[in-house]
Amino acid sequence: MMKFVFVADGVFKLLVAVALCAFLPAVESFLLAPRWLTITALILLFLSGATEISYGVRKGEKRYVKHLAIVDSLWVVSTIIAVIFALVGTPAAGFIWFGFTGLGSLAIAIAFTTGANGPDFAEDESSDGTSASTD
């Protein structure tokens, strides 16, 4: 069941990244965001979603759900703040939302690809039981 949480969150992030790409001019205009920031944030969001899916399929340990909960909660808060700022007409809205989206996505990608969460290259062995590395 826990693996499903990681996969579902990753799929949601992929869909958000694709939807934002489809409506990029409107989103940039509403949030008064520069193009370089939006594209960077969307690439990181897409990669974060793919990383979450990969982690969920490989491991999906319950103790790491807290990372998703923290980042997703802060993402909601940054969304509310950015919408309020956008309605007032300040360009800070784009920097707040896309800045957090990019940095939060980067943090999740790093958390799920390094250390104990990362791939275990020691498991990569050939079928005859010998190590796959060549000296």
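Residues numbered from 1 in each chain as written. Predicted model: local features only at pLDDT ≥ 70, side-chain atom pairs only at ≥ 80, totals over all residues. Heavy atoms only, no water.

### Considerations on the overall build of the chain
Put simply, the rule is: Helix and strand assignments follow DSSP, with helices taken as H or I runs no shorter than four residues and strands as E runs no shorter than two, numbered in order from the N terminus. Note on exposure labels: buried denotes an accessible area under 20% of the residue type's maximum, exposed denotes more than 50%, and partly exposed covers the range between, all computed with a 1.4 Å probe on protein chains only. Throughout, a residue-residue contact means that at least one pair of heavy atoms, one from each residue, lies within 4.5 Å.
Scanning the chain from terminus to terminus reveals five helices and zero strands. Listed N to C, the secondary structure of the chain is α-α-α-α-α in terms of helices and strands. The proportion of buried residues among the 135 residues of the chain is 35%. Residue pairs in contact within the chain that sit at least 24 positions apart in sequence constitute 78% of those at least 6 positions apart.

### What to know about the packing of aromatic side chains
Working definition: an aromatic ring pair is given by the centre-to-centre distance plus the angle between the planes. We count it as follows: Pairing of aromatic rings covers Phe, Tyr and Trp, the last counted by its six-membered ring, and requires centre-to-centre distances within 6.5 Å; plane angles under 30 degrees mean stacked, over 60 mean edge-to-face, and any other angle means tilted.
Applying the stated criterion to the full structure yields eight aromatic pairs. Ring geometry for Phe 6 and Tyr 55: centres 5.0 Å apart, planes at 75°, overall edge-to-face. Of this pair, Phe 6 sits in helix α1 (residues 2-22) while Tyr 55 is found in helix α3 (residues 35-58), placing the two residues 49 residues apart along the sequence. Their ring planes at 85° and their centres at 5.6 Å tell us that Phe 6 and Phe 112 sit as a pair that is edge-to-face. Of this pair, Phe 6 sits in helix α1 while Phe 112 sits in the segment after α5 (92-111), and the two are 106 residues apart along the sequence.

### Topic: a nonpolar patch on the surface
Quick note on the threshold: The patches reported here contain residues having more than 30% relative accessible area and no salt bridge. Joining distances are 9 Å for like charges and 5 Å for nonpolar side chains (Val, Leu, Ile, Met, Phe, Trp, Tyr). Each accessible area value is a Shrake-Rupley result obtained with a 1.4 Å probe; residue values ignore everything except the protein chains displayed when judging cover. We count a salt bridge whenever a side-chain nitrogen from Lys or Arg sits within 4 Å of a carboxyl oxygen from Asp or Glu.
On the surface, Phe 30, Val 76, Val 77, Ile 80, Ile 81, Val 83, Ile 84, Phe 85, Leu 87 and Val 88 cluster together into a nonpolar patch covering about 890 Å² of accessible area. Residue position: Ile 84 is located in helix α4 (residues 65-88).

### Observations concerning the nonpolar core
Taken as a class, soluble globular proteins show a tendency for nonpolar side chains to be buried jointly. Filter applied, for reference: In these notes, a set of buried Ala, Val, Leu, Ile, Met, Phe, Trp, Tyr and Cys residues joined through side-chain atoms within 4.5 Å is what counts as a nonpolar core.
Residues Leu 20, Leu 31, Trp 97 and Phe 98 are the most contacted members of the largest nonpolar core, which totals 17 residues. When residues of this core are traced back to their parent elements, those giving at least two are α1, α2 (24-31), α3, α4 and α5. Broken down by element, this core gets its largest block of residues, four residues, from α3. Residues contacting Leu 20, with those up to four places away along its chain left out, are Val 27, Leu 42 and Trp 97.

### A short note on α5
The line we're drawing: In this scheme, a helix's expected span is set at 1.5 Å multiplied by one less than its residue total.
End to end, α5 covers 28 Å across 20 residues, agreeing with the expected 28 Å (1.5 Å per residue, within 8%). Among all positions of α5, only Ala 93, Gly 94, Trp 97, Phe 98, Gly 99, Thr 101, Gly 102, Gly 104, Ser 105, Ile 108 and Ala 109 are buried. The elements touched by buried residues of α5 are α1, α2, α3 and α4.

### A word on the side chain of Ser 48
By the secondary structure assignment, Ser 48 is in helix α3. Beyond its immediate stretch of four places on either side in the chain, Ser 48 contacts Lys 13, Ser 105, Ile 108 and Ala 109.

### Things to note about unusual backbone geometry
A positive phi angle is found at Leu 32, which is not glycine, with a value near 55°. Tracing the backbone through its elements, the reader meets Leu 32 in the loop between α2 and α3.

### Structural notes on the packing of α3 against α5
Two packed helices can be described by the angle between their axes and the distance between those axes. Condition: Axis lines are fitted to C-alpha atoms, over the contacting stretch for helices. Their N-to-C directions set the angle, which ranges from 0 to 180 degrees. An angle below 35 degrees is treated as roughly parallel, one above 145 as roughly antiparallel, one from 65 to 115 as roughly perpendicular, and anything else as oblique. Rotating anticlockwise by less than a right angle from the far helix to the near helix defines a left-handed crossing, while the corresponding clockwise rotation defines a right-handed one. Classes in brief: Ala, Val, Leu, Ile, Met, Phe, Trp, Tyr, Cys and Pro nonpolar; Asp, Glu, Lys and Arg charged; the others, Gly included, polar.
Here α3 crosses α5 at 30°, and the two axes come no closer than 8 Å. Looking at the two axes, α3 sits roughly parallel to α5. By crossing handedness, the relation of α3 to α5 is classed as left-handed. Together, Trp 36, Leu 37, Thr 38, Ala 41, Leu 42, Leu 44, Leu 45, Ser 48, Thr 51 and Glu 52 of α3 and Gly 94, Phe 95, Phe 98, Gly 99, Thr 101, Gly 102, Ser 105, Leu 106, Ile 108 and Ala 109 of α5 make up the contact between the two elements. Looking at the contact of α3 with α5 residue by residue, the classes come out as 11 nonpolar, eight polar and one charged.

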